[in-house]
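# Coordinate inspection notes
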Amino acid sequence: MLPINKSESISRDFILQKVERLTSTFEPITLVEMDNVKLMDRVDVKYILPLQALPQILADAQSHYRILEVENKRLCHYETLYYDTPDLQLYNTHLKNRANRYKIRSRNYVDSDLKFFEIKLRNNKGRTIKTRIRQETIGAEIDQASADFLKHSTPLMATAFKGMVWVDYTRITLVSRKSQERLTIDLNLSFRAGDRHSAFDKIAIAEVKQNKATGSAFIDIMKKSQIRQGSISKYCLAVISTFDNIPCNQFKPHLLRIHKLNNQYDIASGINQYA
């Protein structure tokens, strides 16, 4: 795990407290209300943010979005187990940027105590299509109901896959007041695979999700903040961070940017701005 010295930890805590206070100023939306903006078939735009920029970004977004609240919490905890073959077939399809590529995962929505087996397809039209079913428990092997679901939904066979890496994070979910748009901001990113651990706790990954690419207040905020589009999937980052000798040439621009943000930014320098 990447080290955090004492002064960085205090500064980071300050920023996270500021983030939590800002999320309390948003009008809430419930899971039931959010059914109208599931966006299981969508286009995505991703960003990598320095954590110290997040308070100002949230302040700018407050008038444009509502915030998901689950069990009185607005920063929600997610635990996700990603499945792949022993030779990382799914990772490599992402590395090669192939069309019609899949991610397979089991996700625990911790605060709502809901668990789903989920399939994500990135098709050759650049759309992300997500399907899922409820499950009771999450294990290293894909259970029979999930295996049947995978067989009927994809050309993949469950017996070839096993749980490879856990991805844990805290998520803020915002819903546009004006359009069919959801926005997720993931922070406190950490990865675990067996006894291997890695963390990226001074960045956040934001994703704008829309039925079709239209105007977005958040994209405008990103332009104002001079933060450019582009990211790497959390699964791919997890694999690179927890496995040895993983090919990643295609991801190098994103990886360099992530490491620069995670190591370069002195969070303390942003404290006065948000005090």
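Conventions and cut-offs
Residues numbered from 1 in each chain as written. Predicted model: local features only at pLDDT ≥ 70, side-chain atom pairs only at ≥ 80, totals over all residues. Heavy atoms only, no water. Salt bridge = Lys/Arg side-chain N within 4 Å of Asp/Glu carboxyl O. Helix = DSSP H or I, 4+ residues; strand = E, 2+ residues; numbered from the N terminus. Buried < 20%, exposed > 50% of the residue type's maximum accessible area, 1.4 Å probe, protein only. Core = buried A, V, L, I, M, F, W, Y, C linked by side-chain atoms within 4.5 Å. Contact = heavy atoms within 4.5 Å.

## So, the pattern of salt bridges
Enumeration over the complete set of coordinates arrives at 14 salt bridges. Among the ionic pairs, Arg177 bridges to Glu27, the shortest N-O distance being 2.9 Å. Of this pair, Arg177 sits in the loop between β8 (162–176) and β9 (181–193) while Glu27 sits in the loop between α1 (6–23) and β1 (28–29), placing them 150 residues apart in sequence. Look at Arg177 and you get partly exposed, because its relative accessible area is 40%. Close ionic contact of Lys115 with Asp113 constitutes a salt bridge, the shortest N to O distance being 3.5 Å. A single network of salt bridges, built from pairs that share partners, joins Glu27, Glu33, Arg66 and Arg177.

## Section: helix α6 (residues 234–242)
For α6, a buried count of eight out of nine residues is recorded, marking the element as mostly surrounded by other parts of the structure. The complete set of buried residues in α6 reads Lys234, Tyr235, Cys236, Leu237, Ala238, Val239, Ile240 and Thr242.

## Notes on the nonpolar core
Grouped together as the largest cluster of nonpolar side chains are 39 residues, with contacts concentrated most on Tyr91, Val165, Ile232, Val239, Ile240 and Phe251. Among the elements that make up this core, the one with the highest residue count is α6 (six residues). Excluding anything up to four places from it in sequence, Ile240 contacts Tyr91, Ile232, Ile246, Cys248, Phe251 and Leu255. Of all hydrophobic cores here, the second largest spans 30 residues; its members include Ile57, Val208, Phe218 and Ile219.

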